[in-house]
Amino acid sequence: MVIHKEYVLRRFCQVPLKNKQSKNFLTQLCADPVMLKRIVFVTCRDCLANTMVIAQAGSLEPGFELKFGDESEQLTLVDGGLKKIKHKTVHLMIKDPLQAWEVLRSFTGILHVQLVFDGEVPDWYEEIAVVNESIPSEVLAEGFSAFIRDQVDLILWGITLKQQIDDALKTRNEKLFRQSVKLYKEVCDSCFWKLS
């Protein structure tokens, strides 16, 4: 059986919602085929741009939240070591479904929608919701996607440090050479692939 977005939204309207105005919002959304095409249901909205969450009564998530912006992670050098830093940029956050509808009418991008249930997630939602691979998940091979991202970051750091070592040798900068070699060894020890 193929699950359609409209079916999911209508089923979700049948449960008691944390924000009572969300039901009217979902009804309007179901009646707008253009908007339906732009939504993607996700299991988790973390690290995704342009997200909306609607929660069932009794759940811990906010009742309704529309957020335009993005999150990203990057590996950076801090005090001679590698550190993962998260960046969040929120351009607009709306907690009122009526106001959100007005904003979404002029929105033309993809909207990542997370429906939050109080208790077990129904099969009809699990079948249509996309697993968010931008965050590590214990369910998915112990964070394999996060591991690959970290390894790519380490390789890029290794390439940068190798260039610094070569530049230090050319300019006979002993201090930069020692610092770069030390960091390069740390990166090589942490990297799954061999850097040469």
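Residues numbered from 1 in each chain as written. Predicted model: local features only at pLDDT ≥ 70, side-chain atom pairs only at ≥ 80, totals over all residues. Heavy atoms only, no water.

A. Structural view of the overall build of the protein. A count of helical and extended segments in the protein gives seven helices and five strands. If you list the helices and strands of the protein from N to C, you get α-α-α-β-β-β-β-α-β-α-α-α. Evaluated residue by residue, the protein yields a buried proportion of 38% over its 196 residues. Look at the contacts in the protein between residues 6 or more apart in sequence, and 63% of them connect residues 24 or more apart. Summed over its atoms, the accessible surface of the protein is roughly 12,100 Å², and 54% of this surface lies on carbon and sulfur atoms. (Helix = DSSP H or I, 4+ residues; strand = E, 2+ residues; numbered from the N terminus. Buried < 20%, exposed > 50% of the residue type's maximum accessible area, 1.4 Å probe, protein only. Contact = heavy atoms within 4.5 Å. Areas by Shrake-Rupley, 256 points an atom, 1.4 Å probe, with all protein chains shown as cover.)

B. Looking closely at the nonpolar core. Counting residues in hydrophobic clusters, the biggest one holds 31 residues, and the most contacted among them are Phe25, Phe41, Leu66, Leu115 and Tyr125. Setting aside its immediate chain neighbours within four residues, tyrosine 125 contacts Val8, Phe41, Val42, Val113, Gln114, Leu115 and Phe117. Ranked by size, the runner-up nonpolar core spans eight residues in total, among them Leu161, Ile165, Val181 and Leu183. (Core = buried A, V, L, I, M, F, W, Y, C linked by side-chain atoms within 4.5 Å.)

C. Here's a closer look at the packing of helix H1 (residues 5–13) against helix H2 (residues 22–30). Two elements in contact, H1 and H2, have axes separated by 10 Å at closest approach and are oriented at 160 degrees. Taken together, the axes of H1 and H2 are roughly antiparallel relative to one another. Seen from above, H1 lies across H2 with left-handed handedness. Of the residues in H2, those touching H1 at Glu6, Leu9, Arg10, Phe12 and Cys13 are Lys23, Leu26, Thr27, Leu29 and Cys30. (Axes fitted to C-alpha atoms, helices over the stretch in contact; angles between N-to-C directions. Parallel < 35°, antiparallel > 145°, perpendicular 65-115°, else oblique. Left-handed = near helix turned anticlockwise from the far one by under 90°.)

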